[in-house]
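Single-letter residue listing:
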Amino acid sequence: MSWITIVWSMNAGACLTLAGISLLVWCKQRENWVHLVFSASAVAAAAITAFELQMMHCETVGQYEALLRWIHVPTWVLIVSFVSFVRLYLHAGRPWLAWTICGLRTVVLILNFIFTPNLNFRQITGLHHFSWGDEIISVPFGIANPWGLLSSVSLLLLLIFFVDATIIVWRRGDRRRALFVGGSMIFGAILAWHVPLVIWGIIEVPFFLCFTYSGIIAAMAYELSNDMAQAAHVARQLQTSEVNLRETQERMELAASAAELGMWMWDIVRNEIWITDKGRILFGFGASEKLDFDRFRSVLHPEDRESVLKTIENSQRTGAEYEAEYRVILPDGRLRWIAGRGHVDFNGEGQPIRIRGASLDITQRKQAEEQLRLTEATLRESKERIDLATKAAGLVVWTWDIPRDEVWLSNKDRALFGFSQGEKLTAERIRSVVHPEDRQLVRQLSEDALRTGREIETQYRVLLPDGKVRWVTRRGRVEFDADGKPLRERGVLMDISERKYAELQAQQQRDELEQLRQQRTASLEREVSERTRLEREVIDICAREQRRIAYDLHDSVGQQLVGIALCAKLLEEQLRGERPSEADKAGMIVKFVNDAARQARLTARTLEGADGVGDLKTALQSLAISVSRNCSVKATVTAEGSSLPISPPVAAQLYRITQEAVHNAVEHGAAREVQIKLAFNHEVMVLTIRDNGKGFDSKANGNGMGLRIMRYRSQCVGGSCDVQSSSEGTVVRCRVPREPQLAAFGLP
C-alpha cells in the first residue's frame, strides 16, 4: 500500500471517528445542534478525502469525470455545515451572507449535474500522469467550463463570511476561538483556491482539499472537546458549590439566631411567608403555623399598620430598600418594637416576586429613647423654671465666650437693650450701651477679672433705647482652662435704678435700701447656687446614662453586628467564583453591617468616658481571654514589674489603647495571634501590642480614626503612641512616663 493511500485513509478515518463521537453526543443532547452540524462536516470531509484518493489513481478520463461530478455533493454538505457551525457555535457572521453562500452553492450543485461532464470542465481532454514521491498521480487537463466561475464566487463569499465572523468574535473578546476556529477557516478557504487554478491549467498539482478542510475539522473538534471538558468541570464545581451553599445557609441561620435576628422571605406571587424559628418567636407566631401577609398584618399595632403597609408598597413599586420600625402585639398582649429591613426581587418583566429581609427586637432601644426623651423634657422644664425665676427677679443672664468674643443673651434681654435678634454681640458691642462715664470702669474691671480670676461685682449705668438711664449691678465669674487661659465669663445683671434714685432722694432710707439689696443679693446667690447644683446633678445623670448607652452599644449591638459581618463576608467569598450576583448582594450586606458596626463603635466611643479599669494587668488578661473566646484569636499578656503602682487615669488610657489595637488587629488585620506586653524601667512604662495580621498601608491609612484615638489617649497621660505596620503584622507601642502629667482635655 502506497504512502498516499495510507495518509489519505488515515485522514478519512480520523474525520469519521470525530463524526461518530459528535453524533453520539448529539444523540444524548438533542438540543445541541452544533454537534450534529460538526458530525455532518466531518463525514463530508471524509467523503472528499475518499473521492480525492480515487481521483489521484484514475486511469481513464471517464472515471475522473464521474468522480469530479459526484465530489460536489460532499463539498456542498461541507460548506453548508461550515456556515451553520459559524452561525450556531460562534454566533457570528452576517445572516444574509450565510444564506447567499448556501443558495449559490445549491445552484452550483444543481448546474453540476445539468452540465456534461460537470460544472468544472466542458471536456476533459486527458490526464497527466506524473510521479509524486514514488507514486503515480493523475491530474486532469481540458477545456474549463465558464459556469465554474459560480463555484469560485461562492468560495470568495465563503472567505469573506469567515473573515467577517472572525472579526466579530475577536472584538467580542473570545480571541482564542477567533484564532483557532476563525483562523483555520480563513486559511482553509484561501488554500481551496488551488482547485480553480488546477482547472484553469495554471498549476499542475492534484486536488488536496481534504487536508485543507481537515485542519478546519480539527480546530472545530478541539473547541467542542474543550467546551465539553469545561462543562464537566463546571458541573463538578456546581456540585461543590451546592454543598458549600447548604453549609453557608446553616451557618447564616446559626449567626442570625445568635444575633437574635429573625430572617424571613415573603413570596408575593403565592402569598406565602417563610420565617426562621427566631422570627416566629419575635412576632409571636406558632411553630407550625402557616403564614401569609394577612397574618403578618394582623399582629401589627393599629397605629403603625398603615405606615408599614405604605413602606412595603413603596418598595414593591420603586425597588427601594424596605426599612421600617413598628410595634407588634404578642399573644399575651405585650407590645414589642421591631426593626425590619428587606430587599425586593423582581422578575424579567419588572414585577415584584419576593421580599427577603430580617427583623430585630429593638424594644430596649426604644425604651432607652423614651427615657432620654423624658430626661430632656425634665431639662427643658427646669430651664423654663429658671427663666421664670430670673424674669420674676428682674435678672439678665449672660454668657461671654472669650476665645470667640461672642456674648449670649436671651431674646427678651436683647430687646431690652435694643439689640436685634440676629445681631452678633461682642464685648465691645455690650459696652456701647454703658453710660460713657462708666465705660472705662467696666473695661478695667473686665481686664482685671481676666487677669486675676476674681469675681466681678460692680454698679454702673446703662442707656436704654428710649433714652432712659438705668442703674444696674453686675456680677460675673471667669472660667479658665487647665493652662490658665480664660474660656468664658458667666454672670447676671440686675436693675437697681430704683434703689439708686431712692438713695439720692432720701438719705434716711439708705440703710433700709442697703438691707433690701443684701437680702435680694443673698436670694440671688441661693438661686444661682441651686441652679449650679441642678446643673451638676443633670450633668452627672447624663454622664451615667451616656456610659450605660455606650456599653450597651459596644458590648451588645456592636459585637452582634461584627458577627453578622464575618458570616456575610464568608458567604461573599464562597459565592464570588460561581455566583457573582449573589456575592455582590452578600457584599452589600457586609458593607451595611460594617457601616452599622462602625457607627455603633463611634457612638460608643463618643459617649464613653475615661472610666477606671482597676488593676491594669487583670484588665488586660480579661481582655485577652474575651478576645480568645469570642474571636478565635490567640491572645497573651506579659506584664513585667506589675507590682509597681499605676494611677487609675493612666491605667484607663492604656487599657483603652489596648482595646482599640486588638479590635483593629482582629477586624481589619485578620490576625490569628495577638501579644500584649507591659514593661517598666526607671523612667517610662512601655505597652506593646503585636499581631500577625495582614497589616495596612501606613501612608494611606496612617491618620485613621482608631490610630488618632490611640495617639490622643496617650497624649492625655503625657505619653506617645507609635504604630508600625507591614505585611507580617502590626506593632503598636505606647510609652508613658512613670509620673505622667495628665492633659487637661477630655477623651473622645
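Our subject in this report is the structure included herewith.

Turning to the overall build of the protein, a few remarks are in order. Check the secondary structure of the protein and you find 23 helices and 17 strands. Burial analysis of the protein (748 residues in total) assigns 40% to the buried set. Considering only residue pairs separated by 6 or more positions, the protein has 59% of its internal contacts joining residues 24 or more positions apart. As presented, the protein carries roughly 41200 Å² of accessible surface, and 56% of it is formed by carbon and sulfur atoms.

Let us now look at unusual backbone geometry. Glycine aside, residues mostly have negative phi, and peptide bonds are mostly found in the trans state. One non-glycine residue with positive phi stands out, namely Asn-271, at about 55 degrees. With respect to the helices, strands and loops of the structure, Asn-271 is situated in the loop between strand 3 (261–267) and strand 4 (272–275). A relative accessible area of 30% places Asn-271 in the partly exposed class. Positive phi values are uncommon outside glycine, yet Ala-670 reaches one of about 50 degrees. Mapped onto the elements of the fold, Ala-670 is located in the loop between helix 21 (648–667) and strand 14 (673–680).

Moving on to the side chain of Asp-304. Looking at the secondary structure, you find Asp-304 in helix 12 (residues 302–318). The class for Asp-304 is buried, based on a relative accessible area of 10%. Ignoring anything within four residues of it in the chain, the contact list for Asp-304 reads Tyr-326 and Arg-327.

On inspection of all chains with the given rule, the structure shows 21 salt bridges. The salt bridge involving Asp-164 is made with Arg-94; its shortest N-O contact spans 3.3 Å. Of this pair, Asp-164 sits in helix 6 (residues 149–172) while Arg-94 is found in the loop between helix 4 (72–90) and helix 5 (95–114), placing the two residues 70 residues apart along the sequence. Accessibility expressed as a relative area gives 42% for Arg-94, which makes it partly exposed. A salt bridge links Asp-304 to Arg-327; the nearest nitrogen and oxygen atoms lie 2.9 Å apart.

Glancing now at the environment of Gly-587. Relative to the assigned elements, Gly-587 resides in helix 19 (residues 580–607). When the C-alpha positions of Gly-587 and Leu-570 are compared, they lie 9.7 Å apart, and in sequence the two are 17 residues distant.

Taking strand neighbours across the sheet as the criterion, the 5 strands line up as 4-3-7-6-5 in an open arrangement whose pairing is antiparallel. Pairing within the sheet leaves two strands with one partner each, and these edge strands are strand 4 and strand 5 (322–329). Adjacent strand axes in the sheet meet at a mean angle of 25 degrees when their direction is disregarded. This element, helix 12, spans strand 3, strand 5, strand 6 (335–346) and strand 7 (352–361) of the sheet and lies at about 155 degrees to strand 5.

Taken together, 5 strands build an open sheet; the order of strands is 13-14-15-17-16 and the sheet is mixed. Looking at the sheet topology across the chains shown, the edges are occupied by strand 13 (634–639) and strand 16 (720–726). Sheet twist, expressed as the mean angle between neighbouring strand axes with direction ignored, is 10 degrees. The pairing of strand 15 (residues 684–691) with strand 17 (residues 729–737) spans 8 bridges and is classified as antiparallel.

Put simply, helix 4 and helix 6 touch, their axes get as near as 11 Å, and they point 15 degrees apart. By the criterion of interaxial angle, the relationship of helix 4 to helix 6 is roughly parallel. In terms of crossing hand, the pair formed by helix 4 and helix 6 is left-handed. Where helix 4 approaches helix 6, its residues Ile-79, Phe-82, Val-83, Val-86, Arg-87 and Leu-90 are matched on the opposing element by Leu-158, Phe-161, Phe-162, Ala-165, Val-169 and Arg-172. Of the residues contributing to the contact of helix 4 with helix 6, the split by class is 10 nonpolar, no polar and 2 charged.

Moving on to the packing of aromatic side chains. Here the distance between the centres and the angle between the planes together describe a pair of aromatic rings. Tallied over the entire structure, the rule returns 6 aromatic pairs. Relative to Phe-285, the ring of Phe-283 has its centre 5.6 Å away and its plane inclined at 10 degrees; by these criteria the two rings are stacked. For Phe-285, a relative accessible area of 11% gives the class buried. Grouping aromatic residues by their ring pairs yields a cluster made of Trp-266, Phe-283, Phe-285, Phe-293, Phe-296 and Tyr-326. Over the face of the ring belonging to Phe-592 we find Arg-341, whose NZ or CZ atom lies 4.7 Å from the ring centre. The ring of Trp-337 carries the charged tip of Lys-366 above its face, separated from the ring centre by 4.6 Å.

About the thresholds
- Residues numbered from 1 in each chain as written.
- Predicted model: local features only at pLDDT ≥ 70, side-chain atom pairs only at ≥ 80, totals over all residues.
- Heavy atoms only, no water.
- Helix = DSSP H or I, 4+ residues; strand = E, 2+ residues; numbered from the N terminus.
- Buried < 20%, exposed > 50% of the residue type's maximum accessible area, 1.4 Å probe, protein only.
- Contact = heavy atoms within 4.5 Å.
- Areas by Shrake-Rupley, 256 points an atom, 1.4 Å probe, with all protein chains shown as cover.
- Salt bridge = Lys/Arg side-chain N within 4 Å of Asp/Glu carboxyl O.
- Pairing = 2+ DSSP bridges.
- Axes fitted to C-alpha atoms, helices over the stretch in contact; angles between N-to-C directions.
- Parallel < 35°, antiparallel > 145°, perpendicular 65-115°, else oblique.
- Left-handed = near helix turned anticlockwise from the far one by under 90°.
- Nonpolar A, V, L, I, M, F, W, Y, C, P; charged D, E, K, R; others polar.
- Phe/Tyr/Trp six-rings, centres within 6.5 Å; stacked < 30°, edge-to-face > 60°.
- Lys NZ or Arg CZ within 6 Å of the ring centre and 35° of its normal.

As far as function goes, none of this settles anything; it's purely spatial.
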